[in-house]
Amino acid sequence: MPRLSTLRINRSQKIAAAVLVATGSVTALAATGASGDARPAAAHSAIDVKPVAAAGIPATGIQTAKDAAIKDAVAKNAAAKKTTAAKTEAKKTAVLQAHTSEQAANRSADRKAAAPKQYKNNLDGWIRESLDIMKAKGIPGSYEGLHRNIMRESSGDPHAVNDWDINARNGVPSKGLLQVIQPTFDAYHVSGTPKKLTDPVANITAAANYAADRYGSIDNVDSAY
């Protein structure tokens, strides 16, 4: 076998090889020695050349990196949209819940406002209900003034009847918590209360109305009136 001389490539051959590498079609490189003799083609193996980018990175690697970057950007954009949609939906839900709660509170307040005030069916409740009516009608008097006179006149018994004084002898006995006679009750009856002499609230308010006319207030009465 003849001895191969040292392989040398001149400038023209370098340029030709670069062009062939760029097109990916190089199969063999013919080289000449220092003496100008051609080398047999069989002495060199075919060269498998892959496309190379300017930076020396294979073109296929660059494309793969670009595809991955695009996919990552699309995924991030989709995630951001999903997060924004979730926040928007959460805000809508919060507003709806707040509106629903406000409506429920308003309905509750309306029911409370519409419901009549409740009073206990005892002396304390009768006095408090009478005071509210007196306040609405502009009739003066206090809890203390009413309670003090009631305890003196009837000891808190709404059915108490005086059957021994001058009024009883005249056929119009004093009755009720504040011992009112029928003519006085009829003259000073307060509208909105029952027209019954022994009704606790009607009796109290009529007596307080009479006392306000005669004495300025039930609070100024300290004895039989």
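About the thresholds
- Residues numbered from 1 in each chain as written.
- Predicted model: local features only at pLDDT ≥ 70, side-chain atom pairs only at ≥ 80, totals over all residues.
- Heavy atoms only, no water.
- Phe/Tyr/Trp six-rings, centres within 6.5 Å; stacked < 30°, edge-to-face > 60°.
- Helix = DSSP H or I, 4+ residues; strand = E, 2+ residues; numbered from the N terminus.
- Buried < 20%, exposed > 50% of the residue type's maximum accessible area, 1.4 Å probe, protein only.
- Core = buried A, V, L, I, M, F, W, Y, C linked by side-chain atoms within 4.5 Å.
- Contact = heavy atoms within 4.5 Å.
- 1 Å grid on protein atoms, 1.4 Å probe; cavity = no way out; pocket = protein on both sides within 12 Å on 5 of 7 lines; lining within 4 Å.
- Points joined across faces, edges and corners; volume = space filled by probe spheres on them.
- Nonpolar A, V, L, I, M, F, W, Y, C, P; charged D, E, K, R; others polar.
- Axes fitted to C-alpha atoms, helices over the stretch in contact; angles between N-to-C directions.
- Parallel < 35°, antiparallel > 145°, perpendicular 65-115°, else oblique.
- Left-handed = near helix turned anticlockwise from the far one by under 90°.
- Salt bridge = Lys/Arg side-chain N within 4 Å of Asp/Glu carboxyl O.
- Expected span 1.5 Å × (residues − 1).
- Polar contact = N/O pair within 3.5 Å; in protein donor to acceptor, adjacent residues only side chain to side chain.

K.L.:
Residues and numbers for the packing of aromatic side chains, please.
P.N.:
On inspection of all chains with the given rule, the structure shows two aromatic pairs. Considering the side-chain rings of Y188 and Y210, the 5.3 Å spacing of their centres and the 75° angle between planes classify their relative orientation as edge-to-face. Of this pair, Y188 sits in helix 6 (residues 182-188) while Y210 sits in helix 7 (residues 200-215), placing them 22 residues apart in sequence. Owing to a relative accessible area of 13%, Y210 belongs among the buried residues under this scheme. Between the aromatic rings of Y210 and Y225, the centroid separation amounts to 6.0 Å while the plane-to-plane angle is 40°, which identifies the pairing as tilted. Taken as a pair, Y210 in helix 7 and Y225 in the segment after helix 7 lie far apart in primary sequence, 15 residues in all. Since its relative accessible area comes to 24%, Y225 is described here as partly exposed.

K.L.:
So what's going on with the nonpolar core? Residues and values would help.
P.N.:
I127, L146, I150 and I204 are the most contacted members of the largest nonpolar core, which has 24 residues in total. Sorting the residues of this core by element identifies helix 3 (123-137), helix 4 (143-153) and helix 7 as the ones contributing at least two each. In terms of residues, this core owes the most to one element, helix 7, which gives seven residues. Setting aside residues no more than four positions away along its own chain, I150 makes contact with L123, I127, S155, G156, L177, L178 and I204.

K.L.:
Can you tell me about the layout of surface pockets, naming the residues and giving the values?
P.N.:
Roughly 270 Å³ of volume is contained in the largest pocket. Along the walls of the largest pocket sit 14 residues, with N167, S174, Q179, I181 and Y225 positioned nearest its centre. Within the lining of the largest pocket, the residues separate by chemical class into seven nonpolar, five polar and two charged.

K.L.:
Describe in detail the packing of helix 3 against helix 4, supporting the description with residues and values.
P.N.:
One can describe the packing of helix 3 onto helix 4 by two numbers: an axis separation of 10 Å at closest approach and a directional angle of 130°. As the angle between them shows, helix 3 and helix 4 are arranged oblique. By crossing handedness, the relation of helix 3 to helix 4 is classed as right-handed. Contact with helix 3, carried on its side by L123, D124, I127, R128, L131 and M134, involves Y143, L146, H147, I150 and M151 of helix 4 and no other residues of that element.

K.L.:
For the pattern of salt bridges, give the residues involved together with the corresponding values.
P.N.:
Scanning the model with the defined rule gives six salt bridges in all. A salt bridge links D132 to K117, with the nearest nitrogen and oxygen atoms 3.2 Å apart. Note that D132 is positioned in helix 3 and K117 in the loop between helix 2 (59-114) and helix 3, a separation of 15 residues in sequence. E144 is paired through a salt bridge with R148; the nearest N and O atoms lie 2.8 Å apart. You can see E144 and its partner R148 sitting in helix 4, four residues apart, about one turn around the helix. For E144, a relative accessible area of 47% puts it in the partly exposed group. Classification of R148 by relative accessible area gives partly exposed; the value is 25%.

K.L.:
Describe helix 3, listing the residues and the values that go with them.
P.N.:
Helix length check: helix 3, at 15 residues, gives a terminal C-alpha distance of 21 Å against a target of 21 Å (1.5 Å per residue), a fit within 8%. Among the residues making up helix 3, those that are buried are L123, G125, W126, I127, S130, L131, I133 and M134. Phi turns positive, to about 75°, at G138, one or two residues after helix 3.

K.L.:
Go over the environment of N162 with me, naming the residues and quoting the values.
P.N.:
Note on placement: N162 falls in strand 1 (residues 161-162). With 17 residues separating them in the primary sequence, N162 and Q179 have C-alpha atoms 7.5 Å apart. In this view, N162 contacts A168, P173, S174 and Q179; residues no more than four positions away in its chain are not counted. Of note is the side chain of N162, whose polar atom sits 3.0 Å from the backbone nitrogen of W164.

K.L.:
How would you sum up unusual backbone geometry? Please name residues and give values.
P.N.:
Most peptide bonds are trans, and most residues other than glycine sit at a negative phi. The backbone phi angle of S155 is positive, close to 60°, even though this residue is not glycine. Tracing the sequence through the fold places S155 in the loop between helix 4 and strand 1. You can call S155 exposed: its relative accessible area is 57%. One non-glycine residue, Q179, lies in the positive phi region at around 50°.

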